[in-house]
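# A look at the structure
Here are the chains, one letter per residue:
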Amino acid sequence: MIALLDGAIPTALLEAAAGHPVQRPLSLLHMARAEGRRDKHIFFLAERDAQIPFALIKWGSGAAAAGLQREQDALARMRHLPD
């Protein structure tokens, strides 16, 4: 799984999420299905040998994918609200 993520995510995107140049190879600190859900997965992405993740990746299929899109849309709207 990590080889897939490491190769599929552009370096610029990873570095934007981390806030600094990312050391490869990447690693998954934790990978799990959302509690009680077979159609939703959560990945905590970290740099090699890191103890703290720099990104959280959520992946879903079916209804979970639609829910994640609604969540993403809500977060995008919140980013544009005044302080």
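Residues numbered from 1 in each chain as written. Predicted model: local features only at pLDDT ≥ 70, side-chain atom pairs only at ≥ 80, totals over all residues. Heavy atoms only, no water.

### Considerations on the overall build of the protein chain
- Assigned secondary structure in the protein chain consists of 3 helices and 3 strands.
- Along the chain direction, N to C, the helices and strands of the protein chain fall in the order α-α-β-β-β-α.
- Classification of the 83 residues of the protein chain by burial places 23% in the buried group.
- Once local pairs closer than 6 in sequence are excluded, the contacts in the protein chain between residues at least 24 apart make up 30%. (Helix = DSSP H or I, 4+ residues; strand = E, 2+ residues; numbered from the N terminus. Buried < 20%, exposed > 50% of the residue type's maximum accessible area, 1.4 Å probe, protein only. Contact = heavy atoms within 4.5 Å.)

### Thoughts on the pattern of salt bridges
- This structure, assessed with the given rule, holds 1 salt bridge.
- A salt bridge links Lys58 to Glu71; the shortest N-O distance between them is 2.7 Å. Of the two residues, Lys58 is situated in strand β3 (residues 55–60) and Glu71 in helix α3 (residues 63–79); the sequence distance between them amounts to 13 residues.
- With relative accessibility at 35%, the residue Lys58 sits in the partly exposed group. (Salt bridge = Lys/Arg side-chain N within 4 Å of Asp/Glu carboxyl O.)

### Examining the environment of Ala16
- Take Ala16: it is sitting in helix α2 (residues 11–18).
- On the basis of relative accessibility, which here comes to 61%, the residue Ala16 falls in the exposed class.

### Focus on the environment of Gln51
- Relative to the assigned elements, Gln51 resides in the loop between β2 (40–47) and β3.
- A relative accessible area of 70% places Gln51 in the exposed class.
- Through-space distance from the C-alpha of Gln51 to that of Leu29 is 7.6 Å; in sequence the pair is 22 residues apart.

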